[in-house]
2 protein chains.
Amino acid sequence: MVTGYIGRLLKVDLTRGWIAEEPLNLDYAADFLGGSGFAGRYISDMVTRETDPLGAENPLVFMTGPLTGTNAPCCGRFTICARSPLTGFWGEANSGGIFGPTLKFAGYDGIIITGSSPKPVYLEIAEGKASLKDASHLWGQDCYQVQKTIKDETQTPRSSVACIGVAGEKMSKIAAIINDHGRAAGRTGLGAVMGSKHLKAVTVSGSTRLQTANEDAFHEAAQEGYRLLKNDMTAQMFRLGGTAIYTDIGMMYGDVPVRYYTQGTFDVSNLTGGAMEETILTGQTGCYRCSIACGRKVKLDKYGISEADGPEYETVASLGSMLLIDDLTGIAYVGYLCNRYGLDTISTGATIAFAIYLFEKGVLGLSDTNGIELKWGDIDTVIDLIEKIAQREGFGDILADGSLSLAKRHKAEEFAVHVKGLEVAMHDPRAFAGMAVTYATSPRGGCHLNSDFFFMEMGVEFPELGIVASPREQWQESNKEKAQMAALHQDWRSIYDALVLCKFANLPVFLITRLLNSVTGWQTTPQELLKIGERIFNMKRLLNLKLGLVPQDDTLPSLLLQPLPDGGAADSVPDIDLMIDEYYRFRAWDKLTGKPAKWKLEELGLG
Amino acid sequence: MVTGYIGRLLKVDLTRGWIAEEPLNLDYAADFLGGSGFAGRYISDMVTRETDPLGAENPLVFMTGPLTGTNAPCCGRFTICARSPLTGFWGEANSGGIFGPTLKFAGYDGIIITGSSPKPVYLEIAEGKASLKDASHLWGQDCYQVQKTIKDETQTPRSSVACIGVAGEKMSKIAAIINDHGRAAGRTGLGAVMGSKHLKAVTVSGSTRLQTANEDAFHEAAQEGYRLLKNDMTAQMFRLGGTAIYTDIGMMYGDVPVRYYTQGTFDVSNLTGGAMEETILTGQTGCYRCSIACGRKVKLDKYGISEADGPEYETVASLGSMLLIDDLTGIAYVGYLCNRYGLDTISTGATIAFAIYLFEKGVLGLSDTNGIELKWGDIDTVIDLIEKIAQREGFGDILADGSLSLAKRHKAEEFAVHVKGLEVAMHDPRAFAGMAVTYATSPRGGCHLNSDFFFMEMGVEFPELGIVASPREQWQESNKEKAQMAALHQDWRSIYDALVLCKFANLPVFLITRLLNSVTGWQTTPQELLKIGERIFNMKRLLNLKLGLVPQDDTLPSLLLQPLPDGGAADSVPDIDLMIDEYYRFRAWDKLTGKPAKWKLEELGLG
């Protein structure tokens, strides 16, 4: 076996209640590394255009990577993948905490789950043994409850539980999978896939020790990584103030969406990391072997909650500025409710904002909302809606399927801010033009993580790979370069999602390569890694094409192509057509079919 | 002549009204580069322990460097040096705007001013010609007025004027020299030196074109510099929000002094760059050839002011959090008054905070303050005090000489937060331990710029020179390393002060070397530059020793060695003794005399 990998996958057929193991495909490991690269390769063989995302046949894959669970910094994340019920395309989301490392300690690199159980079950994996347990008594429990109940009844307090709440049970298409208290695999509605399988939770525990090919070299590289992260200004700031430390900085850039992307400024002084520290903060948390620890702990006295996971930047924006709400305690409480019921905060906030926007426009009326008056800045209504979404009650039943579904119902597609059905995240492409092309082309839709190009426009770069920062200020003339850099950055970030490495760990490319080589014994190079990233990205592309994607899906919603009237991004609109043209050319994708050129596929070994 | 330099110094004897020129000493140029390195070398020969800082014999030197006025990024600054009336030791302050470049365009690398005029004069330098003009009618004018009056009467609207206000005229030891609207050479009381000479202003204009040795190489290096700065996250943030963008980040680090350094937290949500943008911001400004443009323009409606230079971070802290004031408009107005009267905002705010601290302690009473009740958070009293300091009226006459003078008067030296008589700047050494040793050893006293080590603890580093970032989190064990790094960083920052290059331009060492070489035709290396920096630093040390400095002056005030009760720096105290020991050892300074070892002086060519 290659060190770094356990070498075993767990396969579960919920329909039949069968559990099996298979050896990890080492060819796949070499070609797709792990994480969502690996999962994508497996899923590619298992789905067709006809696969119902909420049907038994859609595989749900939990996957770790070769660095997961090692002492390398910030490698505590794992990934969950499936065909997305929200978009119909490639679905993936990764999450932190300790679930990923613990899955490896329990003896598996990943889990491939198919079928649908006739009754609610949960999957217990402990020390290399797996079994399905009845979960009838857990059905209906919220995510915090179910984690506690399972730990109690399995008597494994140090286990890690990934689970769904009521939203997932009711197959909300914006449902998340929650693990380790309030960590979320939020995007693309994977909680609904789990719900459709009647799989309430997966719990893992174990003590398998991971091997490395060259322990001394690995230890040295890991220590260097920790040293560099301690000195990395972004990492330090996230450690210091959580990701919400970005809120006011982002607002100055014009990057923080306000009033459903239609307003350029909003007073966020109550919504910053500093404001959180002054008001509700009680502590901070980090994932496995993370020296950043961007997670916050907060108390919400007003709501009788003494400790909750604090909101990160995306939540502060999606449930705050997007809705013109500046009540941090209220936002944190709504974030807490989303974790409790298992909802993606980005899609939830964006869908509610969209509903208010449509209500204000007169597209929605009281008869559509079951008599609920929707207005900006109204935290109490938002709290009420979250409960209704989770329970699919009244108007909440509509919102539970996300923005595009709501738009289609009211023939308002032109106003919905989504890409491929996924609500666009909280970084405005009018502030950082490169985000336009990355939103338009990301395999999972309006995603801010593959790539997080806004960081590149702020100065993060990987010069060893020719991925150089792309200043935000040169508007039109730089759009072409940004398209190229975004493609390269997506490839590099695909490696992060395969290892699985947190994107806040902007370590030098050579160091990441050293970490991987010292763990696996390989002798790969940064350039070879980048090529693997390109392979993974194009593999997901091929899968999306197979699932029905057409080039017209690679676009930006029209609201984001309207200039903002004020703020740091005022009057700036990315040239999306030019960028897409250049992006397709650079990737060797055919403009008419959206398919990678044959020679490119052969070059990447995807022929 | 070496390109980059004009090759001429202007010498002015104000007592006799004589004006002369002399060629630039090229040996000095090679050994001390320019700026405050150059000025220090000249001043070293001109002052003794007996020189009265406010006497005719104290030379006042305006100096540029080899990059000043070129198209290199962020080289718009110039330096002013003299024996400091505030500290009695080495005094220097640099300032931005266009004065430095314009002095070179007017035909001079620098000006050496001695003597004292029998009546108020100003010095006009235009196109290589200099003359003294009567300034009787300008005496008493504020800094904004006098700039306008001189431009009007010399009919050179594009000239640049450096001047003093009433504070300098009255020889306040915390008086600044102000140029280009509200740019300030703030620290060490150089405005008083100008006042003692009855020199109200220096105005410069000219059109000399600067030559470079290798224009193509220079152009390429300069463009690379601009590109890198556009992608530098710190530079971008300062561009975006001004230096006050640091206020809440700094507060989370525990770096922002509160209530005269005795409190660890304060709600600064009204004092951030974002809050400024939301409230009083009208625009931004930059120095000559600066792509950062950290300067802010603000309107202060409440005070009837439609445009003023906005407060930078140091001002927001010294006149805000230090005094428990969170009224940004009020702080900006006080900052404006400081510019108008020509006062250093850091020393002014710190001295007022010290007075309030002593008043609260009962050391000062109403009889000492002329009946003024001093209390925290009282903006109106601060405004009143600024007027009184500028005019040396009542209690203001005492405050006008700074903290140490006030302390001595009331036998309260143990509470004064100063080093060598200079009020410590707005970065708390309990937050960033390396600041302890840099404050203790900086040639001008409690100075945050030589070095700005807090940035190194946030991750800025110059690895090519072995100057690596020093994480703030390892407290005691890292103090020794920090002492070494601080020494190297001071040497490198001495090069910045010689070139003269703004410290927000953290360009790679190789690029700065390329810029210098392509301008001058030299073939210096980064390591040679660092050696020049060490030479400059030790030259200033020798001068300070000659002026009476003893090793006991290399210390930190006791208030900064008390742990803070709360906030980001709670319970952390730098180990100053250990650091000073290591620093002396690393610098080869004698522990008993404070003198550099003979071999070190010979190595540096200072034997």
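Keep in mind the model is a prediction, meaning the values are calculated, not measured.

Q: Would you mind going over the packing of aromatic side chains with me for this structure?
A: To describe a pair of aromatic rings, you give the distance between the ring centres and the angle between the ring planes. Applying the stated rule across the entire model yields 52 aromatic pairs over all chains. Pairing Phe238(B) with Phe504(B) gives two aromatic rings, centres 4.6 Å apart and planes at 50 degrees, and the pair type is tilted. Taken as a pair, Phe238(B) in helix α8 (residues 233-241) and Phe504(B) in the loop between α19 (479-499) and α20 (509-520) lie far apart in primary sequence, 266 residues in all. With relative accessibility at 7%, the residue Phe238(B) sits in the buried group. Members of the aromatic cluster, joined through ring pairs, are Tyr260(A), Tyr261(A), Phe354(A), Tyr357(A) and Phe415(A). Against the face of Trp18(A) rests Arg16(A), its NZ or CZ located 5.4 Å from the ring centre. Looking at Lys361(A), its charged tip hangs above the ring of Phe415(A), at a distance of 4.5 Å from the centre.

Q: Before we go on, may I ask you to explain the nonpolar core in this structure?
A: A general tendency of soluble globular proteins is for nonpolar side chains to be buried together. Grouped together as the largest cluster of nonpolar side chains are 354 residues, with contacts concentrated most on Tyr260(A), Trp492(A), Tyr260(B) and Trp492(B). Once residues lying within four places of it in the same chain are set aside, the contact partners of Tyr260(A) are Met322(A), Ala350(A), Ala353(A), Phe354(A), Tyr357(A), Trp376(A), Phe415(A), Ala416(A), Val417(A) and Leu559(A).

Q: I keep staring at helix α17 (residues 434-441) of chain B and nothing clicks. Help me out?
A: Working note: α-helix, 3.6 residues per turn, so residues spaced by three or four point in the same direction. All names here are of chain B. Counting buried residues in α17 gives eight out of eight residues, a clear majority hidden from the surface. Turning to α17, its buried residues are Gly-434, Met-435, Ala-436, Val-437, Thr-438, Tyr-439, Ala-440 and Thr-441. Against the buried residues of α17 lie β16 (418-419), α18 (453-458), α19, α21 (526-546) and α22 (576-587).

Q: Would you take a moment to explain the sheet that holds strand β1 (residues 8-13) of chain A for this structure?
A: Each strand in a sheet pairs with its neighbour through backbone hydrogen bonds, running either in the same direction (parallel) or in the opposite one (antiparallel). Residues and elements named next belong to chain A. On the basis of which strands lie adjacent, the open sheet formed by six strands has the order β2-β1-β6-β3-β4-β5 and mixed pairing. Only two strands of the sheet have a single neighbouring strand rather than two, namely β2 (18-23) and β5 (90-95). The mean inter-strand angle of the sheet, taken between neighbouring strand axes irrespective of direction, is 15 degrees. Pairing between strand β3 (residues 60-63) and strand β6 (residues 110-114): four bridges, direction antiparallel. Among the inter-strand pairings, Phe-62 is bridged to a residue of β6, identified as Ile-111. Contacts between helix α2 (residues 35-44) and the sheet are confined to β1, β2, β3, β4 (78-83), β5 and β6, with β4 contributing the most and set at about 25 degrees to the helix.

Q: Whenever I open this one, the packing of α17(B) against α19(B) confuses me. Can you help?
A: Two measures define how a pair of helices packs: the angle their axes make with one another and the distance between the axes. Residues and elements named next belong to chain B. Orientation of α17 relative to α19, taken along the N-to-C sense of each, is 50 degrees, at an axis distance of 9 Å. Judged by the angle between their axes, α17 and α19 are oblique. By crossing handedness, the relation of α17 to α19 is classed as right-handed. Residues Gly-434, Val-437, Thr-438 and Thr-441 of α17 form the contact with α19, whose participating residues are Lys-482, Ala-483, Ala-486 and Gln-490. Of the residues that constitute the contact of α17 with α19, the class distribution is three nonpolar, four polar and one charged.

Q: It is not clear to me how the domain arrangement of chain A should be interpreted in this structure. Could you clarify?
A: It is common to report an interface's size as the accessible area lost on association of the parts. Residues and elements named next belong to chain A. Each assigned domain of chain A is listed here: domain 1 (8-205), domain 2 (242-419) and domain 3 (430-555 + 575-603). Look at where the C-alpha atoms of domain 1 and domain 2 centre, and you get two points 26 Å apart. Facing the 35 residues of domain 1 at the interface are 28 residues of domain 2. Taking both partners together, domain 1 and domain 2 bury about 2,500 Å²; carbon and sulfur atoms supply 55% of that area. The largest per-residue losses of area from domain 1 upon contact with domain 2 belong to Tyr-144, Ile-174 and Arg-187, which jointly make up 25% of the total buried on that side. Viewed at the interface, domain 2 and domain 1 are joined by two salt bridges. Measuring nitrogen to oxygen at the nearest pair gives 3.3 Å for the salt bridge that ties Asp-142 to Arg-340. Between domain 1 and domain 2 we count 21 residue pairs in polar contact (both at pLDDT 80 or more) in total.

Q: I would appreciate a short explanation of the pairing of strand β15 (residues 305-309) of chain B in the present structure.
A: Residues and elements named next belong to chain B. Where strand β14 (residues 295-300) lies against β15, three bridges are found, and the strand directions are antiparallel. Its bridge partner being in β15, Lys-297 is matched across the sheet by Asp-309. Hairpin connection between β14 and β15: a loop of four residues separates the two successive antiparallel strands, and Gly-304 in this loop has a positive phi of roughly 70 degrees.

Conventions we followed
Residues numbered from 1 in each chain as written. Chains lettered and ligands numbered in written order. Predicted model: local features only at pLDDT ≥ 70, side-chain atom pairs only at ≥ 80, totals over all residues. Heavy atoms only, no water. Phe/Tyr/Trp six-rings, centres within 6.5 Å; stacked < 30°, edge-to-face > 60°. Helix = DSSP H or I, 4+ residues; strand = E, 2+ residues; numbered from the N terminus. Buried < 20%, exposed > 50% of the residue type's maximum accessible area, 1.4 Å probe, protein only. Lys NZ or Arg CZ within 6 Å of the ring centre and 35° of its normal. Core = buried A, V, L, I, M, F, W, Y, C linked by side-chain atoms within 4.5 Å. Contact = heavy atoms within 4.5 Å. Pairing = 2+ DSSP bridges. Axes fitted to C-alpha atoms, helices over the stretch in contact; angles between N-to-C directions. Parallel < 35°, antiparallel > 145°, perpendicular 65-115°, else oblique. Left-handed = near helix turned anticlockwise from the far one by under 90°. Nonpolar A, V, L, I, M, F, W, Y, C, P; charged D, E, K, R; others polar. Domains from an automatic or database assignment. Buried area = accessible area lost by both parts, 1.4 Å probe. Salt bridge = Lys/Arg side-chain N within 4 Å of Asp/Glu carboxyl O. Polar contact = N/O pair within 3.5 Å; in protein donor to acceptor, adjacent residues only side chain to side chain.

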